[in-house]
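Here is how the chains run, residue by residue.
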Amino acid sequence: MKKALSYLQKIQIAVGGIFLCIFLGSVVIQMACRYAGIAAIWTEDVSMYAFIWAAFMGAAAMVYEKQHFAFTSVSDKLTNKKLKKILGIVIALIMLVVSILMFYYGFRVTIQFWNYRWVSIPDFKRGPTWLCIPVCGATSALYLIGQIVEDVKALLNKQGGK
């Protein structure tokens, strides 16, 4: 399972990197067009939606690495490794609930706005833009389940070995 999650995370980082490149490219095009006095209104939407995708893919990938945004003031003060592991599991469970809600409501929003059109490029639908939310929620949930399983196994092995 850990190998499959690692592979999924690498794909997610690659997708986020591609969208980051699209973001940077569209911003450069936008700057060049403004300098040249050419109207390229599509660059604003492309850069915004590409940045959103890059951010959500990066956020989920960081959950796998346990490098997500966290308050560590309580866990840093704990000296007992078992208590630290238990606190980590509790935090992962809370994050899992949030990830599942992100997936569920992100999916509903994606369905609701699927046929809405971009303002600057009417041939593009907004549904794929919103799809990053349930993808982030689903992959974060998978990463957290993997972490919880590993942490519970580590706790049980330490208790069983005594």
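I will try to describe carefully the structure that is included in this document. (Residues numbered from 1 in each chain as written. Predicted model: local features only at pLDDT ≥ 70, side-chain atom pairs only at ≥ 80, totals over all residues. Heavy atoms only, no water.)

## Some remarks on the packing of helix α1 (residues 2–36) against helix α2 (residues 42–65)
With their axes 7 Å apart at the nearest point, α1 and α2 run at an angle of 155 degrees to one another. Of the possible angle classes, the one that applies to α1 and α2 is roughly antiparallel. Viewed along their axes, α1 and α2 form a crossing whose handedness is left-handed. Grouping the constituent residues of the contact of α1 with α2 by class yields 19 nonpolar, eight polar and three charged. (Axes fitted to C-alpha atoms, helices over the stretch in contact; angles between N-to-C directions. Helix = DSSP H or I, 4+ residues; strand = E, 2+ residues; numbered from the N terminus. Parallel < 35°, antiparallel > 145°, perpendicular 65-115°, else oblique. Left-handed = near helix turned anticlockwise from the far one by under 90°. Nonpolar A, V, L, I, M, F, W, Y, C, P; charged D, E, K, R; others polar.)

## Quick look at the nonpolar core
Counting 14 residues, the largest nonpolar core has Val 63, Leu 96, Tyr 143, Leu 144 and Ile 148 as the members making the most contacts within it. For this core, the element with the highest residue contribution is helix α6 (residues 132–160), accounting for six residues. In this structure, Leu 144 is in contact with Val 63, Ala 92, Met 95, Leu 96 and Ser 99, ignoring residues within four places of it in sequence. (Core = buried A, V, L, I, M, F, W, Y, C linked by side-chain atoms within 4.5 Å. Buried < 20%, exposed > 50% of the residue type's maximum accessible area, 1.4 Å probe, protein only. Contact = heavy atoms within 4.5 Å.)

## Things to note about α1
Taking 1.5 Å of rise per residue, 35 residues should cover 51 Å, and α1 covers 51 Å from first to last C-alpha, within 8% of that figure. Those residues of α1 not exposed but buried are Leu 5, Ser 6, Gln 9, Gln 12, Gly 16, Ser 26, Gln 30 and Cys 33. (Expected span 1.5 Å × (residues − 1).)

## Details of the packing of aromatic side chains
One pair of aromatic rings is described through two measures. These are the centre distance and the angle between the planes. Counted under the stated rule, the structure contains nine aromatic pairs. Each ring, one from Phe 23 and one from Phe 51, has its centre 5.1 Å from the other, and the planes form 50 degrees; the classification is tilted. Placement of the pair is Phe 23 in helix α1 and Phe 51 in helix α2, with a sequence separation of 28 residues. On the basis of relative accessibility, which here comes to 44%, the residue Phe 51 falls in the partly exposed class. An aromatic cluster of three or more residues is present, and its members are Tyr 49, Trp 118 and Phe 124. (Phe/Tyr/Trp six-rings, centres within 6.5 Å; stacked < 30°, edge-to-face > 60°.)

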